[in-house]
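Observations on chain architecture
Here's the letter readout for the chains.
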Amino acid sequence: MRDEILSQLYWRQGEYVSGQELADKLGITRVAVWKNIEALKEEGYLIEAVSRKGYLLRNGKEMIIPGVVKAELRGCLLGRDIIYYSQLDSTNEEAKRRINAGCKVEEGTVIVAGRQTAGRGRMGRKWESPAGGLWFSVVLSPELAVSELALLSLVFARAVAKSLDTFLPGGCQIKWPNDVYVKGRKLAGILLELSGEMDRAHYLVAGVGINVNVAREDLAGEIRDAATSLYIEAGRKVDINKVLTGVLKSMDDYYNLFRERGFSPIREEFKACCMHLGRKVRVKRGEGYIEGINEDIDFMGNMVINTGKEIIRISTGDVSI
Ligand code: BTN
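- The name given to the chain in an unreviewed UniProt entry is Bifunctional ligase/repressor BirA, and the organism recorded there is Thermosyntropha lipolytica DSM 11003.
- Within the UniProt record for the chain, the comment given under Sequence similarities (unreviewed entry) is "Belongs to the biotin--protein ligase family."
- One UniProt comment on the chain, placed under Function (unreviewed entry), says "Acts both as a biotin--[acetyl-CoA-carboxylase] ligase and a repressor."

1. A closer look at the domain arrangement of the chain
- Partitioning the chain into domains gives domain 1 (2-57), domain 2 (66-272) and domain 3 (280-320).
- Using C-alpha coordinates to define each centre, domain 1 is positioned 30 Å away from domain 2.
- Taken residue by residue, the interface counts seven residues in domain 1 and five residues in domain 2.
- Of the residues belonging to the side of domain 1 that touches domain 2, the class tally is two nonpolar, two polar and three charged.

2. Quick notes on the pairing of strand 11 (residues 288-297)
- Pairing analysis gives six bridges linking strand 10 (residues 280-285) to strand 11, with the strands arranged antiparallel. The residue of strand 11 that forms the bridge with lysine 280 is isoleucine 293.
- The turn joining strand 10 and strand 11, which pair antiparallel and follow one another in sequence, is formed by two residues; a positive phi near 60° is taken by glycine 286.
- Hairpin remark: strand 11 followed by strand 12 (residues 303-306), antiparallel, with five residues in the connecting loop; positive phi at glycine 301, about 85°.

3. Structural notes on the sheet that holds strand 11
- Pairing in this open sheet of five strands is antiparallel, and the strands run 13-12-11-10-14 from one edge to the other. Where the open sheet ends on each side, the last strands, each with one partner, are strand 13 (311-314) and strand 14 (318-320). Taken over all neighbouring pairs, the strand axes of this sheet differ in orientation by 45° on average, direction set aside.
- Where strand 10 and strand 14 come together, three bridges link them in antiparallel fashion. Residue pairing across strands places valine 283 opposite valine 319, the latter belonging to strand 14.

How each quantity is defined
- Residues numbered from 1 in each chain as written.
- Predicted model: local features only at pLDDT ≥ 70, side-chain atom pairs only at ≥ 80, totals over all residues.
- UniProt positions renumbered as here; feature names shortened; annotations may be inferred.
- Domains from an automatic or database assignment.
- Contact = placed C-beta atoms within 7 Å.
- Nonpolar A, V, L, I, M, F, W, Y, C, P; charged D, E, K, R; others polar.
- Pairing = 2+ DSSP bridges.
- Helix = DSSP H or I, 4+ residues; strand = E, 2+ residues; numbered from the N terminus.
- Axes fitted to C-alpha atoms, helices over the stretch in contact; angles between N-to-C directions.

This is the structure in structure tokens:
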């Protein structure tokens with residue numbers, strides 16, 4: 001019911017909606033409407049109540065409204081269920097907890113948090129997740145070989161970059177394997193994790209972190225110069241529900257394309273927006289580094305580096321340019 005009230009207020013942003021109208025529409029009493037509104041306020045939704053006028057949602061663009069996103073994604077696999085928490089340790093952890101506890105988690109379920117207290121990045125790094133960003137995980141159970149699963153990381157990077165490009169036309173590039181950059185600063189990252197036994201049906205948790213309405217001063221000191229946000233780049237706040245809808249739609253499109261036609265068509269797009277293809281790169285491998293020209297991204301999603309002495313194919317690592 002809370003979800004439905006929120007969606008109604010979101011769709012009528014800028015207007016007061018009377019308690020009576022909400023009660024009639026949803027088939028509940030005005031007191032029940034009021035109780036739900038009080039609970040929503042506790043969760044951080046700024047809802048103004050004015051007698052004889054009704055309720056007005058003030059921060060609809062900054063808060064996730066699950067019902068709105070779900071309605072926009074009708075017909076898509078991704079987003080068929082959206083579970084929102086105002087705060088979590090990590091959406092990837094929550095997805096895995098649900099899977100491992102044997103809860104029924106339908107493929108395409110999205111877990112999203114207003115902020116994360118223990119967000120995780122690739123290579124065991126910490127992922128800063130303040131309020132204003134978009135932190136979510138999608139649960140999938142693809143029938144793919146493990147080698148193909150690795151490609152999904154590049155597939156989703158292309159999907160996220162393409163969708164964020166609609167907010168910053170022509171501005172988004174990919175750093176292999178799956179970071180989205182704008183003008184040399186990181187805007188978004190993806191963490192793919194497998195859950196469950198390898199010989200049984202297994203789940204893939206695709207965690208996506210996007211700095212949406214995060215101001216420079218809200219970025220932690222150690223990443224302040226290296227990271228950016230849609231807000232910083234666009235110079236205005238962006239509706240986080242539109243970002244989530246757009247990114248999930250794009251991930252859904254590319255997931256289907258990948259399952260139907262494989263990596264080839266996506267590889268070309270990936271290469272076209274890869275920020276270091278044809279350039280000199282340095283990749284950290286264990287204790288050492290590999291340096292050379294990044295000549296290609298191959299059909300297995302490996303980064304191909306010509307060191308001048310040999311051609312090396314790298315399947316994992318951290319690139320610097
Ligand atoms: C990276 O670039 O290192 C990957 C960052 C992935 C961050 C997202 S935020 C949602 C999900 N939950 C996590 O703890 N991590 C991922």
